[in-house]
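Secondary and tertiary structure notes
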Amino acid sequence: MAQEVCGLKAQLREKEEEIAALKNKLAQLEKSRAASVELHHRVMPLTPLTGKAALSNEDIMRYSRQLLLPELGVQGQLNLSKTSVLIVGCGGLGCPLAQYLAAAGVGRLGLLDYDEVELSNLHRQVLHGEENQGQAKALSAASAVQRLNSTVECIPYHLQLSPENALQLIQQYDIVADCSDNVPTRYLVNDACVLSGKPLVSASALRMEGQLTVYNYHGGPCYRCLYPVPPPPETVTNCSDGGVLGVVPGIMGCFQALEVLKIASGQGSSCGQQLVMFDAQDARFRLIRLRPKQASCAVCGENPSVTRLVDYEAFCGSAATDKCRKLNLLSKEQRITVQDYKSIMDSAEPHLLLDVRPLVEVDICHLPSSLNIPLSSLEERKREHLQLLRERVSQLKHQMAGDCQPPVYVICKQGNDSQKAVQILEKMSGSEVDRVTVKDICGGLTAWARGIDRTFPQY
Amino acid sequence: MSSPLRGDGGAELLFNGVKKHPVTLPSQSEPWDMKQLLVWIQRNLLKERPELFVQGDSVRPGILVLINDADWELMGELDYQLQDQDNVVFISTLHGG
C-alpha cells in the first residue's frame, strides 16, 4: 500500500514537471512569435480592425494610469484599440511617435520607411539600437514597439511611398502621421489624405526648431492650402546638411503622438487650423492661427485640379529622399579625383588646398594643410578672407619658379559647395586675386575617406 | 514707425543669422503696407541673394509670413497696413524628420 502511494506521488511529480516544461515552451514560442514581425515589401489588403469590446483585467492594469483621466476613460481606451495609425517615416519623429502610440494601446500601427538604420541615425531615432545597423528601419522600429506592447498589431512596410501605392495604403488606416524628411513625400501624403478623407498629423524638425499642424481635419486647411507652390529645391535644407539636435524631433514626435491620441480617443485635436512652432534655443512654443481651407486649393478646394495622385518628384523638382543631391556644375577639366590629389600631395607639388566648409564642420575634421574659407565668405566677398586668400596665393606664386598660375584645389564635404566655389574663384582670378588655376576635388572629404584614408572621419 | 521683425526656421540665415530685427520705418504720408515693407527689407536688410526671400512682389514659396502670430492670409497679405509695434515674422517651412 505505502509503496503504491509513493509510486503514484512520484508519477504525479513527473507529470507536473512535464506540464511546467510544456507551459514554459509554449510561453517562449508565443513570446518569440510576438517579437518576430513580418516585413511587408508591398501594400497588401489588411483584415478589418475590430478593436476591443471590453477591457480585460490585464488591460485595466496596464492602462490604469491613463484610464484615471476623465479626458480618456474606458471609452477613450476602447476607441484607441479600434484605431489604426500609419506612420510615414521611422526616423527622428516616427520613433518617439510609434513608441508612445504603442505604449498607449493604439490598435494597429503601420510603420513605413524605405531606409536602413545607420550609425548617424541613432542620436535621434531612438527605437533603433547599435545591433540594428543595416536592418530595415520599419522592422527595427516594429520589433522595438512589440517588445513594449505585444498587444498592438504592428505592420512594418519596407518600401518607398509612391503615387502608385499611397492611396491603397492610406485608405486602410484611420489617421496618418507625416514623419517624412522631404518635400515630395509631404505633398504626396497630403494629397493621398485629402483624396481618402483622412486626418494628417504632420510635424517637421531641423537644427533647433520644430513645426506641427494637423491638416485636412474637421474642415480645416490641407498642406496645399498653406503651401500651394513647392519651395525652390535649392532653398530646402535636410538634416544631413543642416544638422538637428536629436531631442528636437523627439519633442515634436511626442507632440504628434499627443495629437494622434486625442483624435483617436475622441477628444479631438486643437491643431487643425494652427501651427505649433517650437524654438528649442529659446525653449519656447508659439501658436500661430492659420488660414482656413482655401476655396482655390488645387486638391481640397471647390474646383480641384488634382483629383488623383501625380508625379511629386517632378512637381517639386527634387527626389523623395533626404539624401544629398549631387551637383554637376563644372567640366571634366575643372575637376580632379581624390586619387589625383593624393599624388599631388605626395609629390609635394606647390599648391593651395582650399576647404570651403563652414567652420563648425572644419572643427570636426580637416586635411592638415588646408586653408579654410567658407563658401559663404567667398559669395559675400568677405574682406578679411579675401585678404587671406590674396596673401596665400602671392606667397605661392613667389615660391613657384617662372610666371605660372598657382594651382588651387577646392574641397568640401561631398563635392557640391566646392564646385560653386570653383566658379566664384574663376571669376575672381586675375581681378580680385592673382591669376590662379582652380580645380574641384570630386566627391570631397567623403570620397577622400572612402578612397584614400579609411581612418579619416565621415559625418 | 517701429516694428519688430523676426526670421525663423532657417529664414534667419538670410539675415546674417540674426533672428530679431527691431526696425524703425521712415515716416511717410500714407501708412506702410506689407508690399512696401518687403521692398524695404530687400533694400535695407537683405542685400545678398534676394531670390531666396522674394519672388515677384511677394515672398518666395516655402516662406510663411506671420503678423502678430497670425498667418498673413487672415490679415490681407500684401495689402495689410502696418500698425505701430506690429510683430512680423518670416518662417521657413521645415521638411526634416
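The name an unreviewed UniProt entry gives chain B is Ubiquitin-related modifier 1, with Oreochromis aureus as the organism. According to UniProt, the comment filed for chain B under the heading Sequence similarities (unreviewed entry) is "Belongs to the URM1 family."

Labelled according to an unreviewed UniProt entry, chain A appears under the name Adenylyltransferase and sulfurtransferase MOCS3, originating from Oreochromis niloticus. The annotation that UniProt attaches to chain A under Sequence similarities (unreviewed entry) is "In the N-terminal section; belongs to the HesA/MoeB/ThiF family. UBA4 subfamily."

Quick look at the layout of surface pockets
Its volume calculated, the second largest pocket comes out at about 310 Å³. Looking at the second largest pocket, it is lined by 18 residues, and the ones nearest its centre are Leu 226, Pro 228 and Arg 291 of chain A together with Pro 61 and Ile 63 of chain B. Residue composition of the lining of the second largest pocket, grouped by class: 10 nonpolar, four polar and four charged.

Concerning the side chain of Thr 446 of chain A
The residue Thr 446 of chain A is located in helix α18 (residues 444–451) in this model. Apart from residues no more than four positions distant in its own chain, Thr 446 of chain A is found in contact with Lys 413, Gln 414 and Gln 458 of chain A.

Observations concerning the state of the cysteines
Disulfide: a covalent bond formed between the sulfur atoms of two cysteine residues. All names here are of chain A. Under the defined criterion, the tally for this structure stands at zero disulfides over all chains. Cysteine Cys 254 is unpaired, with the sulfur of Cys 95 as its nearest cysteine sulfur at 11 Å. You can call Cys 254 partly exposed: its relative accessible area is 31%. No disulfide involves Cys 442; its nearest neighbouring cysteine sulfur is the one of Cys 412, lying 10 Å away.

Some details on the pairing of strand β4 (residues 175–178) of chain A
Residues and elements named next belong to chain A. Burial of β4 is two-sided: the residues Ile 175 and Ala 177 facing one way and the residues Val 176 and Asp 178 facing the other way are all buried. As judged from the four bridges shared by strand β1 (residues 84–88) and β4, these two strands associate in the parallel manner. Among the inter-strand pairings, Val 88 is bridged to a residue of β4, identified as Asp 178. Pairing analysis gives three bridges linking β4 to strand β5 (residues 200–206), with the strands arranged parallel. Residue pairing for β5: Val 176 is matched across the bridge by Leu 200. Once you follow β4 into helix α8 (residues 183–196) and on to β5, the crossover reads as right-handed.

About the thresholds
Residues numbered from 1 in each chain as written. Chains lettered and ligands numbered in written order. Predicted model: local features only at pLDDT ≥ 70, side-chain atom pairs only at ≥ 80, totals over all residues. Heavy atoms only, no water. UniProt positions renumbered as here; feature names shortened; annotations may be inferred. 1 Å grid on protein atoms, 1.4 Å probe; cavity = no way out; pocket = protein on both sides within 12 Å on 5 of 7 lines; lining within 4 Å. Points joined across faces, edges and corners; volume = space filled by probe spheres on them. Nonpolar A, V, L, I, M, F, W, Y, C, P; charged D, E, K, R; others polar. Helix = DSSP H or I, 4+ residues; strand = E, 2+ residues; numbered from the N terminus. Contact = heavy atoms within 4.5 Å. Disulfide = S-S within 2.5 Å. Buried < 20%, exposed > 50% of the residue type's maximum accessible area, 1.4 Å probe, protein only. Pairing = 2+ DSSP bridges. Right-handed = clockwise from strand over helix to strand, strands pointing away.

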